[in-house]
Every structure is written in structure tokens, then in C-alpha cells.
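Inside the fold
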Amino acid sequence: MSNPSNGAAPTHPLAPYDALLLVSFGGPEGPDEVIDFLEIVTKGSGVPRERLEHVGEHYFRFGGRSPINDQNRALIAALHSELADRGADMPIYWGNRNWHPFITQALEEIVTAGHHRVLMLTTSAYPSYSGCRSYREDVQEALDELDAPLVIDRIGNYGLDDGFVTANAQALQAALGELPGAHVLFVTHSIPTAMDEASGPVGESGAYVRRHLDVAGRVATVAGGASGHELVFCSRSGRPETPWLEPDVNDRLAELHEKGIDRVVIAPIGFVSDHMEVIYDLDTEARQTCDELGMTMVRAATVGTMQPFVAALIDRAMSRADQARVQPGCPLQTPEGCGGHGCCANSRAPLTPALD
Ligand SMILES: CC1=C(CCC(=O)O)c2cc3nc(cc4[nH]c(cc5[nH]c(cc1n2)c(C)c5CCC(=O)O)c(CCC(=O)O)c4C)C(CCC(=O)O)=C3C
Ligand SMILES: [Fe+2]
């Protein structure tokens, strides 16, 4: 509250930020959008046409509608209510890398509304080119096109934040409640091994896998009650001759079955909400693998809008604002040292200019 004696305007708890920007992957919302979406996603990535058609089928199975946009709408609502609870509500804009509303559209709205300094959050919790650096490259590119006096900072990768771990642990505990003593398969998106090697700040390598292993270990410890746990991967794409992170969740399920382990919990710590990878690759495909092998499987919830997760994002925003108040300029292209920019020192995409 403002102090009436000096007439000062109340200081917003997130000052100097005047808006938040949620940046996400995007997904189609109807059958006629699927192919155009997939073409945008795979532009210049070398993903073969057959893979594209194959993944298109996953979307068509769900009426051509990805769950990701509704998940993001729900997350924005939850962020607003968390902000309101702390007396800190502010506008939240939303832009996607690959589908409407695009990042460029969000930035145009931000500029039109007269905002000057915006804090960006992404729906990816881990360091890597795909999950971190490409988001800030895309936002930087959109910013360059606008030529407006707008500064965008970002919060760092939040996978190891207490609230993210707690929310995942609560989800795992609930799943283990249904299947006590089960073996836990923590799952994340596979990426090319070269992308994993290039992940992390300058001088570091393999941060993508290492961070997931750290999160998995903490989540398993906090939840308790698993007979064992490990990290596996889903949603491999790319060319078959390019090495990607393994084992694939389905291959590992078959191996576990061979060893006589037939009770598993699948915990998608790599996804912040029920993306297509979760509802297709895990709930449909991996579930079918389990059914065929006669294994019992429970899928743990994604953190979605769980309170500890939403609070962790706002905690991050608050501490980023504290930092920004004493450090006026820390633009997106700063490779290290502020806001956890060091997610991926090496640019994977030769088409996009390197930022450091
Ligand atoms: C690390 C990572 C994340 C997590 C971080 C983050 O959240 O960003 C992520 C998220 C997502 N990936 C998604 C969808 C797709 N990803 C693809 C392709 C690829 N992903 C990759 C990596 C990642 N992807 C990579 C290395 C490729 C190969 C092509 C390339 O190198 O560019 C393809 C093309 C077809 C295919 O090959 O599968 C699709 C359709 C959706 C939307 C799902 C929905 O609709 O709910 C989401 C959230
Ligand atoms: Fe992907």
C-alpha cells in the first residue's frame, strides 16, 4: 500500500516489470491446422516427411487439437490468481513459437499497451537448445522486428526449484498410492545426443540429462516409496541415423518385463503439463505397450496448475524483479550471469544467428 503522507504511487512487487509474457511451443486447435503447424515446427530441422505424417496421426487421433493451448490458458489463469493472492496482479501475455498466438503477435500487443519492461516465462523447465535457447532466440528476433523500446528479461530454468520438485513429488506420491512399491520411470523428451552435449552454459556439457537426473533424484526422495527409479525418453524424431537420447520408454518397459518388473509408474517430469507427448506417447502408446506385456502402469500427473509449481514461477519472477531493480539492463542475448541465460551456450540452428 502507498504511504499517504508522501503521496508516492504504490510500488508493484514485480516492478520494474509491467507485464509477464508466457512463451510456449504452441499446437493446432483443429484438424485443418495440423499440417501447417507441423511444417512450421520442422522447418529446417531435417525431420523426414514420413515422421511428420506419422506425428500428424497423433494429432488427428485427438480431433486435430493439441491439449497444450488449453493447458496454457489454465496456467495463465492460475498465475493470475497466485499474483492476486500476493497483491501483485499484472497483465500476462502469451506467445508461441510454432502456432497462434505467435510470439510476434504477443509482442505487438505488449507494445500497443505501452509496456516497457516485460518478464518472460517459458513452459520448459530444462536447459537445451530446443527447450530454452531457441525460445529466447525467437523472442529476440521478434523484438528486433518491432524496433520498439521494449526490454524483455527471462526467468531461468526452474526444474530444480523447490516448488517444481514438490509438485512433481506430490503427483508421484499420488500415483504410488495407487501402485505401492512400483518401479518409477521418469520420462522426458528425447533430443539428439549432440543437443544434450551442447546444453548448459559455456564450459558445461550434458546439462539437459544431468538436470533431469537431479530433478528425478529429488522427486523420488521427496515422494518416497518407489522400489527403484530411472530416467527414460519419449518422442524421438529426426533422422534414424542421428543418435538421440535412449532408452525409449517402450523399449525399457519391455526390458523391465523381461526382468520380472511388471508394476510401473510413469512420471513425466520433462513436461510441465499434458502435452501431446504425454497424452499420446505415454497415455496411448506406452500404455498399449504395458497392456500387451501384461504390466500394470499408472501415469503420474504433470505439474499443470498445481499450486507449488505456480508459486515457484511467481517466486522466480519476484526474485528476478529484485535483481532487475538494481541491474537496469540485462537483455535476452546476455549469455551468462543474469536470469539463468546459460541454458545452451551453443546455437544448434545454423539458420539463426548466434547470440554470444
Ligand atoms: C526438448 C524438447 C521439448 C521440451 C521443451 C519445450 O517444451 O519446448 C519439446 C516440446 C514439444 N515438442 C512438441 C511437438 C513437436 N516436437 C517436434 C520435434 C522435436 N522436438 C524436439 C525437442 C523438444 N520438444 C526436437 C529436438 C525435435 C526434432 C525437430 C527439431 O529439431 O526441431 C515435432 C515434430 C514432429 C516430430 O518429429 O515429433 C513436434 C510436433 C510440443 C507440442 C506438443 C503438443 O502439441 O501438445 C512440445 C511442447
Ligand atoms: Fe518437440
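Scoring rules and cut-offs
- Residues numbered from 1 in each chain as written.
- Chains lettered and ligands numbered in written order.
- Predicted model: local features only at pLDDT ≥ 70, side-chain atom pairs only at ≥ 80, totals over all residues.
- Helix = DSSP H or I, 4+ residues; strand = E, 2+ residues; numbered from the N terminus.
- Expected span 1.5 Å × (residues − 1).
- Buried ≥ 20, exposed ≤ 12 C-beta atoms within 10 Å, placed from the backbone.
- Contact = placed C-beta atoms within 7 Å.
- Near = placed C-beta within 6 Å.
- Nonpolar A, V, L, I, M, F, W, Y, C, P; charged D, E, K, R; others polar.
- Domains from an automatic or database assignment.
- UniProt positions renumbered as here; feature names shortened; annotations may be inferred.

On to helix 11 (residues 307-326), then. Along its 20 residues, helix 11 runs 29 Å from first to last C-alpha, staying within 8% of the 28 Å computed at 1.5 Å per residue. What helix 11 keeps buried is the set F309, V310, A311, A312, L313, I314, R316, A317, R320, A321 and A324. Structurally, helix 11 contributes buried residues whose contacts are with strand 1 (19-24), helix 3 (68-85), strand 3 (117-122), strand 4 (151-154) and helix 6 (162-178).

Our next topic: the site of ligand 1. Neighbouring residues of ligand 1: 25 residues in total, closest G27, S66, G131, S237 and M276. When residues of the shell around ligand 1 are traced back to their parent elements, those giving at least two are helix 1 (34-42), helix 2 (49-61), helix 5 (129-146) and helix 10 (276-293). Considering each element in turn, the shell around ligand 1 owes the most residues, 3 residues, to helix 1. Of the residues in the shell around ligand 1, the class split is 9 nonpolar, 14 polar and 2 charged.

Under the domain assignment, the protein chain is made up of domain 1 (19-158 + 306-326) and domain 2 (162-299). The straight-line distance from the C-alpha centre of domain 1 to that of domain 2 is 23 Å. Opposite the 27 residues of domain 1 that make contact, domain 2 presents 27 residues. Of all the elements in the fold, those that place two or more residues in the side of domain 1 that touches domain 2 are helix 2, helix 3, helix 5 and helix 11. Examining the composition of the side of domain 1 that touches domain 2, we find that 5 residues originate from one element, helix 11, more than from any other. For the side of domain 1 that touches domain 2, the per-class residue count stands at 17 nonpolar, 8 polar and 2 charged.

On to the UniProt feature "binding site: Fe-coproporphyrin III" (unreviewed entry) in the protein chain. The feature "binding site: Fe-coproporphyrin III" (unreviewed entry), as annotated in UniProt, sits at S66 and Y135 in this numbering. Here S66 is to be found in the loop between helix 2 and helix 3. The exposure class of S66 is buried, given the 26 C-beta atoms found within 10 Å. Once residues lying within four places of it in the same chain are set aside, the contact partners of S66 are G27, P28, Y59 and M276. Overall, the presence of 25 C-beta atoms within 10 Å leaves Y135 in the buried class. If we skip the residues at most four places from it in the chain, Y135 touches V23, R97 and T122.

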